Amino acid sequence: MPEEAYQPPQVWTWDPDKPQAFGNINRPTAGARFEKALPVGKHPLQLYSLGTPNGVKVTIMLEELLAKGHSGAEYDAWLINIGEGAQFSSGFVDANPNSKIPALVDRSGDSPVRVFESGAILLHLGEKFGEFIPPGDARAECLSWLFWQMGSTPLLGGGFGHFYAYAPVKIEYAIDRYTMEVKRQLDLLDKNLASRQYVCGDEYTIADMAIWPWFAGLARNLAYQAAEFLQVHTYANVNRWVEAVGERPAVVRGQMVNRPFGDKSRQLHERHDASDFELRTQDILDPDESTD
Ligand SMILES: N[C@@H](CCC(=O)N[C@@H](CS)C(=O)NCC(=O)O)C(=O)O
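So, how was this worked out
- Residues numbered from 1 in each chain as written.
- Predicted model: local features only at pLDDT ≥ 70, side-chain atom pairs only at ≥ 80, totals over all residues.
- Helix = DSSP H or I, 4+ residues; strand = E, 2+ residues; numbered from the N terminus.
- Rg over C-alpha atoms; globule rule 2.2 N^0.38 Å.
- Buried ≥ 20, exposed ≤ 12 C-beta atoms within 10 Å, placed from the backbone.
- Near = placed C-beta within 6 Å.
- Nonpolar A, V, L, I, M, F, W, Y, C, P; charged D, E, K, R; others polar.
- Axes fitted to C-alpha atoms, helices over the stretch in contact; angles between N-to-C directions.
- Parallel < 35°, antiparallel > 145°, perpendicular 65-115°, else oblique.
- Left-handed = near helix turned anticlockwise from the far one by under 90°.
- Contact = placed C-beta atoms within 7 Å.

Caption draft 1: Broad picture of the overall build of the protein chain. When helices and strands are counted, the protein chain shows 11 helices and four strands. Taking 292 residues into account, the globule formula puts the C-alpha radius of gyration at 19 Å, and the protein chain, at 20 Å, falls close to it. Principal-axis analysis of the C-alpha atoms gives the protein chain an extent of 60 × 50 × 45 Å. Scored against the burial criterion, the 292 residues of the protein chain give a buried share of 37%.

Laid out in structure tokens, this is it:
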């Protein structure tokens, strides 16, 4: 391995002028950077999010609950543009002190309850409506895969995706390290899905909703344009599951919510009513530019 030029100093200091992907928003401190309240709509659930894999998990769950007839799952979805730093407003930090989407405020009770971390939001909603978390022994399997996702995909996104697609320099050591881990994750999922229809068994659960957006992104070459590099097509069971889950109408709708990029007919920046999917997509609201 070539000798590295960089030698870490005794004490790290932040240099905001160093080239860094997402350098305009990243700082080594937490907390609000400006005063701004969050908007509040008419529904019991208020979601503050963006259509990234972590955001999409929750909109899929809400659309699945509504498809099952749970009117209490009606929600207002507000767009949080993380590229512009909207996650650092005082209102958002009140909803999620970690300043990352998604954040949910459940206003169905006497006082608002904030829930942050997508896994916690899926659990909160699953328990609240008694759906998509199987009872008995299967519950432990479901929660195990849910928490597997929480622990594993930061290595996919923050590790592999960052160094393969975003870092200003291509570092072979970092790309090798995280590629090895992502291919291991793909192989693990593929082996797991060899004997079951869904991640936890033959029932579709919150674990599928958590894991699917990340691995569907890889399989469909939407995440980091790395499908060929990772040879994702060779994981046949993963691809079969990606297709099956992706055909669910709630999954199709969930991916449209809070999505400010891609095909305009698939972009629903804010969602306040079921009719918005037909009436308020960007190709209708902003017809002048037909694509991106
Ligand atoms: N573990 C968190 C991860 C959330 C997360 O990383 N969100 C990203 C977008 S996918 C974000 O908001 N990033 C903004 C930032 O880091 O400033 C979860 O599952 O909710």
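Caption draft 2: Summary view of the site of the ligand. Around the ligand, the neighbouring residues are Ile 25, Thr 52, Asn 54, Ile 82, Gln 87, Ser 99, Lys 100, Ile 101, Pro 102, Glu 117, Ser 118 and Gly 119. In the shell around the ligand, the residues fall into four nonpolar, six polar and two charged.

Caption draft 3: Structural view of the environment of Gly 157. Position of Gly 157 relative to the elements: it lies in helix 4 (residues 137-166). By C-beta crowding, Gly 157 is classed as buried, having 21 other C-beta atoms within 10 Å. In this structure, the C-alpha to C-alpha distance between Gly 157 and Trp 214, residues 57 residues apart in sequence, is 8.5 Å.

Caption draft 4: A look at the packing of helix 1 (residues 53-67) against helix 6 (residues 206-219). Viewed as axis vectors pointing N to C, helix 1 and helix 6 meet at an angle of 140 degrees, and their least axial separation amounts to 9 Å. It follows from the interaxial angle that helix 1 and helix 6 lie oblique. In this structure, the crossing between helix 1 and helix 6 has a hand that is right-handed. Only Ile 206, Met 209, Ala 210, Pro 213, Trp 214 and Gly 217 of helix 6 make contact with helix 1, whose side of the interface consists of Pro 53, Val 56, Lys 57, Ile 60 and Met 61.

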